[in-house]
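Per-entry structural report
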Amino acid sequence: MSTLKLAVLSGDGIGPEVTQEALKVLDVLAQETDFSFETEHADFGGAAIDSSNNPFPDSCERLVKASDAVLLGAVGGPKWDELTGAMRPERGLLSLRGSLEVYANLRPARFFDSLCGASPLRPDLTSDVDFVTVRELIGGIYFGEPRGIVETDTGRVGSNTMIYHEDEIRRIGRVAFETAMGREKKLLSVDKANVLEVQRLWREVMTDLSKEYPEVELSHMYVDNCAMQMVTNPAQFDVLVTGNIFGDILSDASAALTGSLGMLPSASLGDGPGIYEPVHGTAPDIAGQGKANPLATILSVSMLLTHSAQRPDLGCLVDDAVEAVLAQGLRTGDIASGEEHERMVGTEEMGAAVGHQVKTLTGSRKECA
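Of the voids in this model, the largest pocket is the one considered here, and its volume is about 570 Å³. Lining of the largest pocket is provided by 23 residues; of these, Pro108, Val132, Arg183, Met303 and Asp319 occupy positions nearest its centre. Counting only elements with at least two residues in the lining of the largest pocket, the list comes to β4 (104-110), β5 (130-136), α10 (295-307) and α11 (312-327). At five residues, the largest contribution of residues to the lining of the largest pocket is made by α10. Here the lining of the largest pocket is composed, by residue class, of twelve nonpolar, seven polar and four charged. Its volume calculated, the second largest pocket comes out at about 450 Å³. Considering the residues around the second largest pocket, the lining is formed by 22 residues, among which Val75, Glu90, Leu93, Arg97 and Val279 are closest to the centre. When residues of the lining of the second largest pocket are traced back to their parent elements, those giving at least two are β3 (69-74), α4 (89-100), α9 (244-258) and β12 (274-278). Per element, the largest residue contribution to the lining of the second largest pocket is four residues, and it comes from α4. In terms of residue class, the lining of the second largest pocket is made up of nine nonpolar, six polar and seven charged.

With that settled, the discussion passes to the side chain of Lys192. Here Lys192 is to be found in the loop between β8 (186-191) and α7 (197-209). Setting aside residues no more than four positions away along its own chain, Lys192 makes contact with Gln199, Tyr222, Val223, Asp224 and Phe246.

When the terminal C-alpha atoms of α4 are compared, their 17 Å separation across twelve residues agrees well with the 16 Å that a helix rising 1.5 Å per residue should span. Looking only at α4, the buried set comprises Pro89, Gly92, Leu93, Leu94, Leu96, Arg97, Ser99 and Leu100. In this fold, the buried residues of α4 make contact with β1 (4-11), α2 (46-52), α3 (58-65), β3, β5 and β12. At the C-terminal side of α4, Glu101 shows a positive phi close to 55°.

With that settled, the discussion passes to the side chain of Thr362. Here Thr362 shows up in helix α12 (residues 347-368). Look past the residues within four positions of Thr362 in its chain and what remains in contact with it is Glu32, Thr33 and Leu317.

On inspection of all chains with the given rule, the structure shows five aromatic pairs. With a centroid separation of 5.8 Å and 15° between ring planes, the pair formed by Phe35 and Phe37 is classed as stacked. Phe37 shares its class with Phe35; the two are buried. Here the aromatic rings of Phe131 and Phe237 are separated by 5.6 Å at their centres, their planes lie at 70°, and the arrangement is edge-to-face.

For the rest of this paragraph, the subject is the pattern of salt bridges. Applying the stated criterion across every chain, the model contains 21 salt bridges. Between Glu21 and Lys24 there is a salt bridge, with its nearest N and O atoms 3.2 Å apart. Taken together, the positions of Glu21 and Lys24, both in helix α1 (residues 15-32) and three residues apart, correspond to about one turn of that helix. Of the residues examined, Glu21 reaches a relative accessible area of 1% and is grouped as buried. Across the pair Glu277 and Arg97 runs a salt bridge whose closest N-O atoms are separated by 3.6 Å. Separated by 180 residues along the polypeptide, Glu277 in strand β12 and Arg97 in helix α4 bring together distant segments of the chain. Residue Glu277 is classed as buried on the basis of its relative accessible area of 8%. You can call Arg97 buried: its relative accessible area is 7%.

Rules behind the numbers
- Residues numbered from 1 in each chain as written.
- Predicted model: local features only at pLDDT ≥ 70, side-chain atom pairs only at ≥ 80, totals over all residues.
- Heavy atoms only, no water.
- 1 Å grid on protein atoms, 1.4 Å probe; cavity = no way out; pocket = protein on both sides within 12 Å on 5 of 7 lines; lining within 4 Å.
- Points joined across faces, edges and corners; volume = space filled by probe spheres on them.
- Helix = DSSP H or I, 4+ residues; strand = E, 2+ residues; numbered from the N terminus.
- Nonpolar A, V, L, I, M, F, W, Y, C, P; charged D, E, K, R; others polar.
- Contact = heavy atoms within 4.5 Å.
- Expected span 1.5 Å × (residues − 1).
- Buried < 20%, exposed > 50% of the residue type's maximum accessible area, 1.4 Å probe, protein only.
- Phe/Tyr/Trp six-rings, centres within 6.5 Å; stacked < 30°, edge-to-face > 60°.
- Salt bridge = Lys/Arg side-chain N within 4 Å of Asp/Glu carboxyl O.

Scope: geometric values only; no functional claims are made or implied.
So this is what it looks like as structure tokens:
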């Protein structure tokens, strides 16, 4: 790939702030290496509702489909909470995922030694934590039909449908097995097969698929047990694969292991452009104040470099830069623990520090080449 075409959907709340810092890191890489990219911005989510009365306008859809990758900030906020149905900003997010058919969401939970004080768990529980949740993203209860709220003689009834075709399970399973092959060759499939028929199918398909990957150790765990294990023995995990709603909940919980949602990146992949976004929300209470943590978005750029740009060397460079900045004691409010060596910084200063480290590390690696 010569020049990566990047669609930038900054979204709402702190989205524009953290996205701007991530783009600055990409600018440094473009200045210091042979990597090149070009951007085009579009309103999305609440911002698009305000400008176009549609959370995912046709113009935005055309842009993302013509791009190599999508960098997304965050969507939603109190301003749009009263909206319903297709007008909600979150429905735009589901439509974006469905339009690009990004069925596999990868959410790494990596523990940084320098953030041991920010985690609510004891250091001995978090010191070896490094796992990836592979979440099925465009099926299950978030997309299943029928859905809705209807009036009945006895009152309103709300319904959603959890449904999976075995082909959907098999394709997300392949992503998970391939991910495990590149790591410790351990895969945990998380389900609720003891009470849900759709989850029994999930377990059957995963078990059958494991025959194609004899090197990978496949195990199964009920989602409630997995939630408990995640806070009592998280270091046991390597790769987890699960459905849409369980993956949504568990991957957010895993953010606590790293100290903050502000540290958790994600990549949503399919057969076309990937979507890269931080797991955190729009944080309207601090939007515009320069307090937001940009590291999850910057780490999402690392995943973009690895998967869409096919430059894992540059992805590792960004990861190393983030680790170096944290080791220096720089902290935004969400990851500060009050330790003596810490220094509080804002969004721009944290982003600039990562950019500086990227430049420094690039220079040192050139000298070693």
